[in-house]
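# Coordinate analysis (summary)
Below, each chain spelled out in residue letters.
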Amino acid sequence: DGGITQSPKYLFRKEGQNVTLSCEQNLNHDAMYWYRQDPGQGLRLIYYSQIVNDFQKGDIAEGYSVSREKKESFPLTVTSAQKNPTAFYLCASSGSGTVQETQYFGPGTRLLVL
Amino acid sequence: EDQVTQSPEALRLQEGESSSLNCSYTVSGLRGLFWYRQDPGKGPEFLFTLYSAGEEKEKERLKATLTKKESFLHITAPKPEDSATYLCAVQASGNNRLAFGKGNQVVVIP
């Protein structure tokens, strides 16, 4: 089955620790995205990548980093510089071309601070 | 800056009581408007894409419509399994990014 997988489902971060969230897709999509979702707020874009080895900052990139070494994978690192990391993190991917730009989402990772 | 406002924030319906959700938007050239359904603790599930004013799309009890300023998601004779948060997002011309609204939380009571 084609789809997007995120792991882990739950992640706990200690003070001063960097943690990495995994996102893998087998949809053969060129573009991948990371969003953050907080209660009562819309999804906010952290980073996005339209092609391998290239990525751009979204609206709330501070305290986060990404890499795109493979088409299928777009891991997100939450660094110790992110002071309020508790949130639900969603990864998405999309194809290219007008009719293929719908973004499809993974199941999400909930990050909690110990 | 692209903006999306959804109303009402929350809605309680009796089973079978039809209603509509509103998504008002401002965008510099609409490339597409997207509706998603999100269940608690899950990722959003794609429902519809609308590209131009006057367009309509249907799926089971859901029907999405689009004007130049807003979109409606009509829920006809809802069932308890239609309970979810419905998210609206817009994509501007020349841009892959989506701007999301805060969502419409719908609860359908048996």
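Residues numbered from 1 in each chain as written. Chains lettered and ligands numbered in written order. Predicted model: local features only at pLDDT ≥ 70, side-chain atom pairs only at ≥ 80, totals over all residues. Heavy atoms only, no water.

### Remarks on the interface of chain B and chain A
- Between chain B and chain A, the contact holds 19 residues from the first and 25 residues from the second.
- Between chain B and chain A, the buried area comes to about 1,700 Å², and carbon and sulfur atoms account for 50% of it.
- On the chain B side of the interface with chain A, the three residues burying the most area are Asn 96, Arg 97 and Phe 100 of chain B, jointly 35% of the side's total.
- Viewed at the interface, chain A and chain B are joined by two salt bridges.
- Across the chain B-chain A interface, the total number found is six residue pairs in polar contact (both at pLDDT 80 or more).
- Looking at the side of chain B that touches chain A, the elements that each hand over two or more residues are strand 4 (30-38), strand 5 (45-50), strand 9 (84-92) and strand 10 (98-100) of chain B. (Contact = heavy atoms within 4.5 Å. Buried area = accessible area lost by both parts, 1.4 Å probe. Salt bridge = Lys/Arg side-chain N within 4 Å of Asp/Glu carboxyl O. Polar contact = N/O pair within 3.5 Å; in protein donor to acceptor, adjacent residues only side chain to side chain. Helix = DSSP H or I, 4+ residues; strand = E, 2+ residues; numbered from the N terminus.)

### Digging into the confidence of the model for chain A
- On average, residues of chain A score 93 in pLDDT, and 95% of them are at 70 or above.
- The element-level mean pLDDT for chain A is lowest in strand 2 (residues 10-13) of chain A, coming to 94, with strand 7 (residues 64-66) of chain A highest at 98. (pLDDT = per-residue confidence, 0-100.)

### Describing the nonpolar core
Residue and element names in this part refer to chain B.
- Core analysis: the largest hydrophobic core is formed by 25 residues, its most contacted members being Leu 21, Leu 33, Trp 35, Leu 73 and Tyr 86.
- At the level of secondary structure, the elements contributing two or more residues to this core comprise strand 2 (10-14), strand 3 (19-26), strand 4, strand 5, strand 7 (62-66), strand 8 (70-75), strand 9 and strand 11 (104-109).
- Per-element accounting of this core gives the leading share, five residues, to strand 9.
- For Tyr 86, the contacting residues outside a window of four places in its chain are Gln 6, Leu 21, Trp 35, Tyr 36, Arg 37, Leu 47, Leu 62, Leu 73, Ile 75, Gly 103, Asn 104 and Val 106. (Core = buried A, V, L, I, M, F, W, Y, C linked by side-chain atoms within 4.5 Å. Buried < 20%, exposed > 50% of the residue type's maximum accessible area, 1.4 Å probe, protein only.)

### Overview of the packing of aromatic side chains
- Counted under the stated rule, the structure contains 11 aromatic pairs over all chains.
- When the centroid spacing of 6.0 Å and the interplanar angle of 65° are considered together, the rings of Tyr 64 of chain A and Tyr 89 of chain A count as edge-to-face. Remark: Tyr 89 of chain A occurs in strand 9 (residues 87-94) and Tyr 64 of chain A occurs in strand 7; sequence separation between them is 25 residues.
- On the basis of relative accessible area, Tyr 64 of chain A is assigned to the buried category, the value being 6%.
- Aromatic side chains Tyr 104 of chain A and Phe 46 of chain B sit 5.7 Å apart centroid to centroid with 70° between the ring planes, which places their arrangement in the edge-to-face category. (Phe/Tyr/Trp six-rings, centres within 6.5 Å; stacked < 30°, edge-to-face > 60°.)

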